[in-house]
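Here's the letter readout for the chains.
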Amino acid sequence: MDRGCRNRSYRIAYPETVSALDRRFTIGDLSKKEYALLMNVFGRDRLNYVVIDFDEIEAGALVRRYGLRGFDAVHLSSAKLLNDDENITLFFPSFDEKLDKAAMAEGLNVLTPGA
């Protein structure tokens, strides 16, 4: 893995972010100009990210172990792989209580809203 000070992102972050921005634009939370700006910035910036994959077997085990949804288990599996890099301090962002508990049980530092 690239040990330099670069942003890291899960492989599924791009479609997840595009989906979230699309939803916000569709319901009127973002103007056409804001939507275009965010898509352009995100599209450009993601080229500088180190992409982290996930272990599908581990993700399946996390679903069974904690009752997670599929993509939540994929995020957690990716974070666990990234957390194995001793040269970084990982904070796992989540807005889901079940996912928070699973991440903490797996030894991750969970960054929750308002913390």
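Residues numbered from 1 in each chain as written. Predicted model: local features only at pLDDT ≥ 70, side-chain atom pairs only at ≥ 80, totals over all residues. Heavy atoms only, no water.

### Examining the packing of aromatic side chains
Here comes step 1: Within the structure shown, the criterion is met by two aromatic pairs.
Here comes step 2: With 4.7 Å between their ring centres and 20° between their planes, Phe 25 and Tyr 35 make a pair best called stacked. On the criterion of sequence distance, the pair formed by Phe 25 in helix α1 (residues 13–26) and Tyr 35 in helix α2 (residues 32–45) is long-range, its members being ten residues apart.
Here comes step 3: Stacked on the ring of Tyr 14, the Lys or Arg Arg 46 has its end atom at 4.3 Å from the ring centre. (Phe/Tyr/Trp six-rings, centres within 6.5 Å; stacked < 30°, edge-to-face > 60°. Helix = DSSP H or I, 4+ residues; strand = E, 2+ residues; numbered from the N terminus. Lys NZ or Arg CZ within 6 Å of the ring centre and 35° of its normal.)

### Observations concerning helix α4 (residues 70–83)
The periodicity of an α-helix, 3.6 residues per turn, causes residues three or four positions apart to be oriented the same way.
Here comes step 1: With 14 residues, α4 ought to run about 20 Å at 1.5 Å a step, and its terminal C-alpha atoms sit 20 Å apart, in line with that.
Here comes step 2: Counting buried residues along α4, ten of its 14 residues qualify, which places the element largely inside the surrounding structure.
Here comes step 3: Residues Asp 72, Ala 73, Val 74, His 75, Leu 76, Ser 77, Ser 78, Ala 79, Lys 80 and Leu 82 constitute the buried set of α4. (Expected span 1.5 Å × (residues − 1). Buried < 20%, exposed > 50% of the residue type's maximum accessible area, 1.4 Å probe, protein only.)

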